[in-house]
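Understanding the architecture of this molecule
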Amino acid sequence: MIITNYNYYLQPKLYTQKINKPNYAQSAPTQTKPTHLSQATFNPFLHFHPSFGLEKFDTKEILKKQDESGEYEINLSDISDEIPTGFENIFSDKTANVVGAGNIYTSFLGLGKIINFYYDKNNEINIFDPKLIDEKEPSNKILIGYHFLKAIKDICKGSAFIISPHKFHSSQLEELAQKEILDGVYTDKPMCINKRELNNIDNIVTKTNTPLYFGDFFFFSQIPALRLMGVPMPYKDAITIQFDKTKDKKFTNSIKTATPLYKEDQIKKVTCKTIEKCTDDFLKRKWLQEKENGGGVILDLQVHISNLLNLMGLELTKINSITAEKFENGSFRPVTKTEAEDRAVIKGKLNDKIPVYMETAQFMNERDNSIIFEMKDGKKLKIYTDVFDKKVELIDRNGKVQARAYTIAMPYSLMFHHVQKSFEDKKANRTPMFYDIQRKTMKQLFAMQELIDEQSKD
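The notes below deal with the structure included here. (Residues numbered from 1 in each chain as written. Predicted model: local features only at pLDDT ≥ 70, side-chain atom pairs only at ≥ 80, totals over all residues. Heavy atoms only, no water.)

So, about the overall build of the protein chain. Of the regular secondary structure elements, the protein chain holds 13 helices and 18 strands. Long-range pairs, those at least 24 residues apart, make up 72% of the contacts in the protein chain between residues at least 6 apart in sequence. Total accessible area on the protein chain stands at roughly 20100 Å², and carbon and sulfur atoms take up 48% of it. (Helix = DSSP H or I, 4+ residues; strand = E, 2+ residues; numbered from the N terminus. Contact = heavy atoms within 4.5 Å. Areas by Shrake-Rupley, 256 points an atom, 1.4 Å probe, with all protein chains shown as cover.)

Given below as structure tokens:
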């Protein structure tokens, strides 16, 4: 059965928020007051730092300043490098603390390789992973030479990177954020797995003076697409424009200036697909099949797409229908309340008016990873959200590609440079990077999960 009226879950609600005086230069008296969230967005207060009016927070404004700064540029001579040389200079004498060194770190997208390249000049890489504490000789060569910590409390300097399974993110962030001696704390997506943990992170962000960063490598694999949609992502020199047949090079100029190629009211509909086959990566991470541990394709895969859309200013404000299925014995069946979903299909609207179709699945026969914007003028903007094919294309009414741009550098190589620079940027390091974006995403994903539970069998 499909329930079609989900507006209840997406409506702003009257709530009472106690505002505690944080440790900021500008502050307000402690007060308790009811706030009516009446703006027409998915959840309007997400636009603001959790200090609720004490400090305005807008990721796009931070990115705009960084885009205009020489500190976030790539040397043009290094544009073909997956890890741009010259970037490693800022990591001199820096310490990396890796929290969680599973398959994501040791093999997926070269993350461990990048950390080693950046931080290993002085052998300053610590690691905390309960499975590795007693290892005399690491089985994975990426981990050779690391200093293995006995507990997370042993992290006492440098930058901390939380890349552990989803269920640990909130508690590990809570402990590390109290260490204001650290350069900063990075938390990988999703930053939490339920509403209780999201509320906990709200509290952490409000109180800590430790720089925080909430990462998703899709932000840096899709830099050309984000700039085409008006998001001033830094590292524009990392973009290669393969060709541009548009009039007056409109495609190229849009990327260079981060001026939207199309405005919101020019978008006819949006189709998002994150469809994966059965891979060793999914099978090794057994907890992805455990709902209580943050498993399921919504928290693991859909999160990327929702993060991109929210960063573009396209928020899921209405869900018309949603279905979820479990893969079993070679076929899909309806998911139960206790199971992590292997496939989800969501139909709804972005910003109350743009029809959107989202399909997220694993264990499929073929892969298909893309976001397609169909425009009212008949053209399409196709964003390839494949981790191995980081490009964006403008397609004309006849299906021919008019322009194409892509990023060569590894997304994590750009992102971790951005992380370290953000931690050191005194003008921005009290603002938790990408927190407002990911918070919107988590609220939307939790609404999806609630609706799935509501229509699933026990």
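What follows is about the packing of aromatic side chains. Counted according to the given criterion, the structure contains 21 aromatic pairs. Taking 6.3 Å as the distance between ring centres and 70° as the angle between the ring planes, the aromatic pair formed by tyrosine 72 and tyrosine 235 counts as edge-to-face. Highlighted residues: tyrosine 72 in the loop between α2 (59–67) and β3 (96–99) and tyrosine 235 in the loop between α8 (223–228) and β9 (239–244), separated in sequence by 163 residues. Its relative accessible area of 2% is what places tyrosine 235 among the buried residues. In this structure, lysine 245 packs its charged tip against the face of phenylalanine 243, placed 5.6 Å from the ring centre. The aromatic ring of tyrosine 384 is capped on one face by lysine 391, whose charged end is 4.5 Å from the ring centroid. (Phe/Tyr/Trp six-rings, centres within 6.5 Å; stacked < 30°, edge-to-face > 60°. Buried < 20%, exposed > 50% of the residue type's maximum accessible area, 1.4 Å probe, protein only. Lys NZ or Arg CZ within 6 Å of the ring centre and 35° of its normal.)

As a further point, take the sheet that holds strand β13 (residues 343–350). One open sheet holds the ten strands; their spatial order is β9-β18-β17-β16-β15-β10-β14-β13-β11-β12, and the pairing between them is mixed. Every other strand in the sheet has two partners, leaving β9 and β12 (331–334) as the edge strands with one partner each. Across this sheet, the average inter-strand angle for adjacent strands is 15°, counted without regard to direction. Relative to strand β18 (residues 401–407), β9 runs antiparallel, the two sharing five bridges. Bridge assignment links threonine 240 to a residue of β18, and that residue is tyrosine 406. (Pairing = 2+ DSSP bridges. Axes fitted to C-alpha atoms, helices over the stretch in contact; angles between N-to-C directions.)

What follows covers the sheet that holds strand β7 (residues 184–188). Pairing between the strands of a sheet comes from backbone hydrogen bonds, and it takes one of two forms, parallel or antiparallel. Here we have six strands laid out as an open sheet, ordered β5-β4-β3-β6-β7-β8, and parallel in their pairing. The sheet is open, and its two borders are formed by β5 (147–148) and β8 (212–215), each paired with just one other strand. Packed onto the sheet, helix α5 (residues 169–177) meets β3, β6 (159–162), β7 and β8 and runs at close to 175° relative to β7.

Glancing now at the side chain of threonine 59. Relative to the helices and strands, threonine 59 resides in helix α2. When residues no more than four places from it in sequence are discounted, the contact partners of threonine 59 are Leu311, Met433, Phe434, Asp436 and Ile437.

Turning to α2, a few remarks are in order. The periodicity of an α-helix, 3.6 residues per turn, causes residues three or four places apart in sequence to face the same way. Of the residues making up α2, those classed as buried are Thr59, Ile62, Leu63, Gln66 and Asp67. For α2, the arc enclosing every buried residue in end-on projection is 135°, short of the 170-degree limit, so these residues lie on one face. (Arc of directions from axis to C-beta.)

Examined against the element boundaries, glutamate 68 turns out to sit in the loop between α2 and β3. The sequence separation of glutamate 68 and proline 234 amounts to 166 residues, and the corresponding C-alpha distance is 7.9 Å.

Counted under the stated rule, the structure contains 22 salt bridges. The salt bridge involving aspartate 202 is made with arginine 439; its shortest N-O contact spans 2.4 Å. Taken as a pair, aspartate 202 in helix α6 (residues 195–207) and arginine 439 in helix α13 (residues 435–455) lie far apart in primary sequence, 237 residues in all. Each member of the pair, aspartate 202 as well as arginine 439, carries the same accessibility label: buried. The shortest N-O distance in the salt bridge between glutamate 264 and lysine 353 comes to 3.3 Å. Of this pair, glutamate 264 sits in the loop between α9 (250–257) and β10 (267–275) while lysine 353 sits in the loop between β13 and β14 (354–361), placing them 89 residues apart in sequence. For lysine 353, a relative accessible area of 47% translates into the label partly exposed. Taken together, the shared-partner salt bridges in this structure form one network comprising Asp389, Lys391, Glu393 and Arg404. (Salt bridge = Lys/Arg side-chain N within 4 Å of Asp/Glu carboxyl O.)

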